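Residue-level structure breakdown
As a plain string of letters, each chain reads:
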Amino acid sequence: MTSRSLELLISLVRDGTATLGAQIEDQIRCAVREGKLAPGAPIPSTRDLAQQLGISRPLVVEAYARLAADGYLSLRQGARPRVSTCVVVKDTPPVEPVPATPKPRFDFLPAMPDLSAFPRARWLRAYRSALTKMPTDDLGYRDRHGSLVLRRALADYLGRVRGLVADPHRIIVTSGFEQGRTLVCRALRASGATRIAVEDPSYTEWEPVRRAGLTILPVQVDEDGMRTDLLANQQADAVMLTPAHQFPTAMVMSGERRRALLAWLVRSDAYAIEDDYDAEYRYDRAPTSALQGLDPDHVIYAGTVSKTLAPALRLGWLVVPERLREAVQTEQRLTDYGCSRIEQHALAEFMATGEYDRHLRRMRQRYRIRRDTLVGALAEELPEAVVEGISAGLHAAVRLPSGYQEAAIRHEIKRSGIALEFLSDHCLGPRSGPPTLLLGYARSPDASIRAGIRALASAIRAGAI
């Protein structure tokens, strides 16, 4: 029988106080009793263990036979030896199964792409090609802040598609937006910043920013984006926002607000952290350029492949002003040794061959159809609802009429097995006004969207009674 060789930690003492076979037997027995070798776990064959320990095979055969006779091992002709499944491990608390999260009937949760559309075959080709081309030195500890090949590919892509001023040496590769945001906030705090203005409504998880030592200052958002006229009263050192497609309201920051923000940054010598959220997915008009291209000395750009490819890749990037670059790199050095360079080379290859652009074109078409299906179903099943914001991204903000009670509607939606979020879930301060639903559509086929909206309309009307 040909099989992979396993290793087993056995320490033999050759001082004559105990035979080698007895030592093997005692150590395996103790490992089984203490739970180091779990019931059913495979162990090396007698030949493999004898070679590992540098002893004769009959010694191991005899030790295994005694352990099998005592019920510790299960031995079968032609099969790998295993720990017996009948062994009771001493002092081991019972393992309680983790309850499975019930799957909703209809999943409209926002902020998740269609994972079934991940281009597995094309990614695998890029991965193999990148691994073939990858210099041997790149397999070691180097390019801690991002492989040069990916930083160059990102600079080309971001300059071409998002209008960035993105020199490769100012790009820092991260394990996603969350790490990038944390690194920037720590660098800002180290440089003396204490207060950061953020959109309200916005993200739900701000603890990493607080732990970085920054005080969060909520700033109201309206149909034109963040209320930049309120920044002057905040005395903030930085601002974090999603100008291309505000999350969660789905609005876009107007040109007037952009100009006002940039003027405030210069006047206050402050920084903006631009999360280019969902910028790749615009369906009814050409995308606006990124803020960073207008003022690369005051805007920190953050991007990721979590929405364009898959969160599992754990790849994101920052484009930082030159005067902040060393501070952010220092924070990254204190955190980790960087992201997997093999995946970085694969992404660079994916971009350089045009596969990334082609994938985005396919996904734009798919998501646009699904959004149109959602809007059409709402018009038919829930005509009193208003879809707000631009036609973009992976979710729609749907405002219900005044008079609807959010608490009652929440109860009915949950009872109906529908998963979604409300705008109020993302508010940092008190919110007034009618309920607004956040409906993600990226992961649902057309038929599921239509059926889900029918169920949602019934639940809303039941909650309104």
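Up top you'll find the structure we're talking about.
The text that follows walks through the structure, step by step, so that each part is easy to find. (Residues numbered from 1 in each chain as written. Predicted model: local features only at pLDDT ≥ 70, side-chain atom pairs only at ≥ 80, totals over all residues. Heavy atoms only, no water.)

Regarding the layout of surface pockets
Unfilled space is identified by rolling a water-sized probe across the atoms. Estimates place the volume of the largest pocket at around 630 Å³. Residue lining of the largest pocket: 30 residues in total, with Ala 111, Phe 177, Tyr 203, Tyr 277 and Lys 307 positioned closest to the centre. Secondary-structure elements contributing two or more residues to the lining of the largest pocket are helix H6 (177-190) and strand E10 (299-304). By residue number, the principal contributor to the lining of the largest pocket is E10, which donates four residues. Taken together, the residues of the lining of the largest pocket break down into 13 nonpolar, seven polar and 10 charged. (1 Å grid on protein atoms, 1.4 Å probe; cavity = no way out; pocket = protein on both sides within 12 Å on 5 of 7 lines; lining within 4 Å. Points joined across faces, edges and corners; volume = space filled by probe spheres on them. Helix = DSSP H or I, 4+ residues; strand = E, 2+ residues; numbered from the N terminus. Nonpolar A, V, L, I, M, F, W, Y, C, P; charged D, E, K, R; others polar.)

Quick word on the packing of helix H1 (residues 20-33) against helix H3 (residues 57-69)
Relative to each other, H1 and H3 sit at 40 degrees, their axes nearing to 9 Å. As far as their axial angle goes, H3 and H1 are oblique. Crossing geometry of H1 relative to H3 is assigned as right-handed. Contacts between H1 and H3 pair Leu 20, Gly 21, Ala 22, Ile 24, Glu 25, Ile 28 and Arg 29 from the former with Leu 59, Val 60, Ala 63, Tyr 64, Arg 66 and Leu 67 from the latter. Of the residues in the contact of H1 with H3, the class split is nine nonpolar, one polar and three charged. (Axes fitted to C-alpha atoms, helices over the stretch in contact; angles between N-to-C directions. Parallel < 35°, antiparallel > 145°, perpendicular 65-115°, else oblique. Left-handed = near helix turned anticlockwise from the far one by under 90°. Contact = heavy atoms within 4.5 Å.)

Examining the sheet that holds strand E9 (residues 271-275)
Spatially, E4-E11-E10-E9-E8-E5-E6-E7 is the arrangement adopted by the eight strands of the open sheet, whose pairing is mixed. In this open sheet, the two edge strands, each paired with only one partner strand, are strand E4 (171-174) and strand E7 (225-226). Pairing of E4 with strand E11 (residues 316-319) involves four bridges; the strand directions are antiparallel. Within E11, the position partnered with Thr 174 by the bridge is Gly 316. (Pairing = 2+ DSSP bridges.)

Observations concerning the packing of aromatic side chains
Under the criterion given, the structure shown has eight aromatic pairs. Ring plane angle 85 degrees and centroid distance 5.1 Å describe the contact between Tyr 281 and Tyr 367, whose orientation is recorded as edge-to-face. Placement of Tyr 281 in the loop between E9 and E10 and of Tyr 367 in helix H11 (residues 355-381) is noted, with a sequence separation of 86 residues between them. Of the two residues, Tyr 281 and Tyr 367, neither departs from the other in class, the shared state being buried. (Phe/Tyr/Trp six-rings, centres within 6.5 Å; stacked < 30°, edge-to-face > 60°. Buried < 20%, exposed > 50% of the residue type's maximum accessible area, 1.4 Å probe, protein only.)

A few points about unusual backbone geometry
At the junction of Asp 200 and Pro 201, the peptide bond is cis and its omega measures out at 10 degrees in the coordinates. Turning to its location among the elements, Pro 201 is positioned in the loop between strand E5 (195-200) and helix H7 (207-211). Each neighbour pair has its own omega, and for Phe 247 with Pro 248 the value is 15 degrees, a cis peptide bond. Here Asp 143, not a glycine, exhibits a phi torsion of approximately 50 degrees, which is positive. Along the chain, Asp 143 turns up in the loop between helix H4 (120-133) and helix H5 (148-161). Residue class for Asp 143 comes out partly exposed when judged on its relative accessible area of 24%.

Details of H5
Helix length check: H5 (14 residues) gives 20 Å between terminal C-alpha atoms against 20 Å at 1.5 Å per residue, within 8%. Where H5 is concerned, the buried positions are Leu 150, Arg 151, Ala 153, Leu 154, Ala 155, Tyr 157 and Leu 158. Its buried side turned inward, H5 meets E4, E10, E11, helix H10 (341-352) and H11. Trailing H5 by a residue or two, Gly 163 shows a phi angle of about 70 degrees, which is positive. (Expected span 1.5 Å × (residues − 1).)

Comments concerning the sheet that holds strand E16 (residues 436-440)
Paired through their backbone hydrogen bonds, the strands of a sheet run either parallel or antiparallel. Taken in spatial order, the four strands line up as E12-E13-E16-E15 in an open sheet, and their pairing is antiparallel. If you trace the sheet from one side to the other, it starts and ends with strand E12 (386-388) and strand E15 (421-422), each paired once. Looking at chain direction, E15 and E16 are connected through two bridges and run antiparallel. Directly across from Glu 421, in E16, lies its bridge partner Leu 438.

Section: the packing of H5 against H10
Look at H5 against H10: their axes get within 8 Å of each other, and the N-to-C directions meet at 35 degrees. When the axes of H5 and H10 are compared, the crossing they make is left-handed. Contacts between H5 and H10 involve Val 149, Leu 150, Ala 153, Leu 154 and Tyr 157 on the former and, on the latter, Gln 344, His 345, Leu 347, Ala 348 and Met 351. For the contact of H5 with H10, the residue count by class is eight nonpolar, two polar and no charged.

Section: the environment of Ser 268
The residue Ser 268 is located in helix H8 (residues 255-268) in this model. Residues Ser 268 and Gly 376, spaced 108 residues apart in sequence, show a C-alpha to C-alpha distance of 46 Å.

Describing the pairing of E11
Side-chain positions along a regular strand alternate between the two faces of the sheet. The alternating pattern of E11 places Gly 316 and Leu 318 on one face and Trp 317 and Val 319 on the opposite face, and all of these are buried. The pairing of E10 with E11 spans four bridges and is antiparallel. Among the inter-strand pairings, Ala 302 is bridged to a residue of E11, identified as Leu 318.

So, the pattern of salt bridges
Tallied over the entire structure, the rule returns 27 salt bridges. Where Arg 461 meets Glu 384, a salt bridge forms, and the shortest distance between an N and an O atom there is 3.4 Å. Here Arg 461 is found in helix H13 (residues 446-464), whereas its partner Glu 384 is found in the loop between H11 and E12, with 77 residues between them in sequence. A residue is classified by how much of its surface remains accessible, and Glu 384, at 26% relative accessible area, is partly exposed. Put simply, Glu 25, Asp 26, Arg 29, Glu 62, Arg 66 and Asp 70 are held in one network by salt bridges that share partners. (Salt bridge = Lys/Arg side-chain N within 4 Å of Asp/Glu carboxyl O.)

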